[in-house]
Amino acid sequence: MKRDEYESKMQRMIDDDETYLKLNRDPTAGYQKRNNNFAKCLADLKLIDRATERRMKTYKATAPRIYGAPKAHKEGLPLRPVVPCMTSPSYTLSQFVGKIIQKSITGKYNATDSYTFCEYINSVQLPPDYVLISLDVVSLFTCIPKNLVIRDVIHNWENIKQHTDINLDLFLEMTEFCIDCSYFRFKGQFYRQVFDTAMGNPLSPTIADLVMEALLDNVVARIDFPFPVLKKYVDDLMLAVPKDKIEEVRKIFNEYNEKIQFTVEVEENGKIPFLDLLLVRQPDQTIKTEWYMKPIASGRFLNYHSAHSIKQKVNVANNFIRRVQTFSTNVDTATTRDIITTQLKLNDYPTTMINRLIDRSRERQVNPTNEDVTDSEETIYRSMVQVGQLSGNIQKILKKDYPNVTISSKNAKTVGNMLPPVKDVEDKNSRSNVIYNIPCADCPACYVGMTTNKLQTRISSHRSCSNRLQSLWDQGKTTEDVEVAQLRERTALLDHSAANHHVFAFDRTRIVDSSFKQQNLHILETCHIVNTHNTVNKRTDTDNLSNTYAGVLHTLRNNTRSEAVRQTDESLQQESIQSE
C-alpha cells in the first residue's frame, strides 16, 4: 500500500465523528494530573504501597500516536486502528484496573488457544439438523459504549470485589477515567475515541472480554434451544445451531446493543474455519479438524537462510510440525507429512532436516518425556543480539558457568527498522530516556548528557542554569566567586561555559541515542562520551566503563572519523569542480 493511499484511508476513518472526536488542544497534562491524583488517593487509603504509587504516577506522558494495520484478509485492505498507549498518562493505571477485572471473569465461553479448542471440538457430536456457524463482531474495540462497560462492572461487582479492597464508587471512577483517556494524535491533530478504548490500550481486551461474557449470558438466556458448541476467542464466536434458527440467532445477537453488531458465516459443505483450524462435520455429526491457512496467506515464516540462530529456526519448524500434526485429525499421516514438507520447503528448510524433525516429533508422541521436572534454582531469561556463530559460542560458554540463565537471540535488523514509520514523528522535545548532544556556540566542543525525563524539561534546566551564569557575569562576577564556583560544579556544560565565557546552542540539541530500559542509559551515555570528539564531559564520567568496550569503541571512533574525513574530502572536491 502506497503512503498516499494509507494516509487517505486513515483520514477517512478518523473523520468518522461518531467514533472519534476532534480536540482543540493536547489533553495530556490534564489526564496526567488526574492519573497521579488517583495514584495518590489509592496510596493514601493504603490500597497500594508507595512503590506501586511511584510506578503508577508519571510526569513525562505524551499523546499516543495512532496507526492503521491493514486487514490483508479483507477486500479493499481496510485498516484496523491501533493506538500504542505506552506513553499515555493512564497506561499503568489501566493495567492495574484491567488485572482486577480480569481476575473476576470466569471465561466459561473462552477458547484459550487453538490446542485446547481442538481437543474440545474433536469430542463434540452435534444433534441432528444442527450446523456450525461463526459470528464476528464488527470493530469490537471501537464500538463498546462506556455505559455498557460500567453496567457490566456493577453487575459483576460481587466477583470483582473479591480481588480488591477498592470500593465500587472509586473503582467505577477509575474505570471511566481509563476509558475517557482514549485519545491520540494524527498529523499533529488530537482526537478522542468516543466509544470504549482503542486496540493498544491494556484495558481494551479485558473490557471486551467482560462485555462479551455478559452478552453471551444474555443470549443464552433468551434462546430456547441448547448450544452444543458455544466458544469465544476475543470477538470471534463458534456456535452450533439448528439449520432453521440461524437468522433468529443472528437477530438476537444484534439486538443486544445497537453498537455491537455481528456478521455470520455458515459452514459450507460441512466445513468452516475457526482460528487456524478447519472444522469438518462428519456424517455421524462428530467434528474432526484439519490445519487451516487462510487463502490470502503466503505460507512464509522464518526462512532457513535468515540471519537467525539455528536454534530459533529449529524451534519454528518444530512448533509448526506440532501444530499441523495436532490439528490434523481428519487426514492421514502421509497427507500431514506432505503438508509439513511443502510448507517448510517453501521457507527453504533442507529436506533432511524436515524428515529428521518429523521423525523426532513422532518419537516424542510415542515416548513422551516428563516435562514437569523443575530446577531448584529459578531460571533467568536474557536476550542477546545475534552475530553469526559468535552468539552461539558465547551462549555455550555462559551456560557452563550460569546454568540457570537462558539466553535467547534477537536480530538488530527488524521489519520495523527497515520500513519507514507510519506513525506521526514524535517531537524530540517530548521524548524521554534519551542521550542528547548540545554543541557549543563559540567553539567545536559539545556536551553529551542523559535524561529520563522529557528532553525539553532537561534542556530548560540547562538553559536556566546558563541564564543564571550569564546574570552573574553581567553583575561583574568572576570564576573566583562562590556562586559561579557552585554553578561550575553542577555540570560539565556549566564548567565549560564559566571557564571560557562560552554559551551553548540549546536550539541545536539533537538526540543521539535512546532506550526504554533506564538501566541501559548510563552505559549508552558513557559510550557516547568516549566516542564523541571535543566533548566537554569530565573524565570521571567514563571511569566506570568496562575495558571490554574499549576495543569496539576505538574501532567505531576511527571508522566515524574516517567517514567524516571522506565526506569532507568529497565535499571539497565537488566545490573545486564547480568553481572550475
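Residues numbered from 1 in each chain as written. Predicted model: local features only at pLDDT ≥ 70, side-chain atom pairs only at ≥ 80, totals over all residues. Heavy atoms only, no water.

The chain is annotated in an unreviewed UniProt entry as Reverse transcriptase domain-containing protein of Aedes albopictus.

Moving on to the pattern of salt bridges. In the structure shown here, the tally under the stated rule is 25 salt bridges. Glu-158 serves as the salt-bridge partner of Lys-161, at 3.3 Å between the closest nitrogen and oxygen. According to the relative accessible area criterion, Glu-158 is exposed, its value standing at 52%. Across the salt bridge formed by Glu-483 and Arg-468, the nearest N and O atoms sit 2.7 Å from each other. Here Glu-483 is found in helix 17 (residues 482-488), whereas its partner Arg-468 is found in helix 16 (residues 455-474), with 15 residues between them in sequence. (Salt bridge = Lys/Arg side-chain N within 4 Å of Asp/Glu carboxyl O. Buried < 20%, exposed > 50% of the residue type's maximum accessible area, 1.4 Å probe, protein only. Helix = DSSP H or I, 4+ residues; strand = E, 2+ residues; numbered from the N terminus.)

Turning to a positive patch on the surface, a few remarks are in order. Residues Arg-54, Arg-55, Lys-99 and Lys-103 make up a contiguous surface patch of positive charge. Position of Lys-103 among the secondary structure elements: in helix 4 (residues 91-104). For Lys-103, a relative accessible area of 56% gives the class exposed. (Patch = residues over 30% accessible without salt bridge, like charges linked within 9 Å, V, L, I, M, F, W, Y side chains within 5 Å. Areas by Shrake-Rupley, 256 points an atom, 1.4 Å probe, with all protein chains shown as cover. Lys, Arg positive; Asp, Glu negative; His and termini not counted. Charge placed at Lys NZ, Arg CZ, Asp CG, Glu CD.)

Before going further, it helps to spend a moment on the sheet that holds strand 7 (residues 230-233). What the 4 strands build is an open sheet, ordered 7-8-4-9; its pairing is antiparallel. The open sheet terminates on both sides in strands that have one partner only, identified here as strand 7 and strand 9 (262-266). Within the sheet, the average angular offset between the axes of one strand and its neighbour, ignoring direction, is 25 degrees. Across the sheet, helix 9 (residues 204-222) touches strand 4 (130-137), strand 7, strand 8 (236-242) and strand 9, and the angle it forms with strand 7 is around 165 degrees. Sitting on the sheet, helix 10 (residues 246-255) touches strand 4, strand 8 and strand 9, and the angle it makes with strand 9 is about 160 degrees. (Pairing = 2+ DSSP bridges. Axes fitted to C-alpha atoms, helices over the stretch in contact; angles between N-to-C directions. Contact = heavy atoms within 4.5 Å.)

Taken as a whole, the largest pocket encloses approximately 1,700 Å³ of empty space. Along the wall of the largest pocket there are 37 residues; nearest its centre are Val-385, Lys-410, Asn-411, Ala-412 and Asn-417. Counting only elements with at least two residues in the lining of the largest pocket, the list comes to helix 1 (3-14), strand 2 (67-70), strand 13 (380-385), helix 15 (415-418), strand 17 (510-514), helix 19 (518-531) and helix 20 (550-579). With 6 residues, the top contributor of residues to the lining of the largest pocket is helix 19. Looking at side-chain class alone, the lining of the largest pocket contains 20 nonpolar, 10 polar and 7 charged residues. Its volume calculated, the second largest pocket comes out at about 1,300 Å³. In terms of lining, the second largest pocket is formed by 37 residues, of which the most central are His-73, Lys-74, Asp-136, Asp-236 and Lys-294. At the level of secondary structure, the elements contributing two or more residues to the lining of the second largest pocket comprise strand 3 (79-82), strand 4, strand 8, strand 9, strand 10 (271-274) and helix 11 (310-327). Split into classes, the residues belonging to the lining of the second largest pocket amount to 22 nonpolar, 5 polar and 10 charged. (1 Å grid on protein atoms, 1.4 Å probe; cavity = no way out; pocket = protein on both sides within 12 Å on 5 of 7 lines; lining within 4 Å. Points joined across faces, edges and corners; volume = space filled by probe spheres on them. Nonpolar A, V, L, I, M, F, W, Y, C, P; charged D, E, K, R; others polar.)

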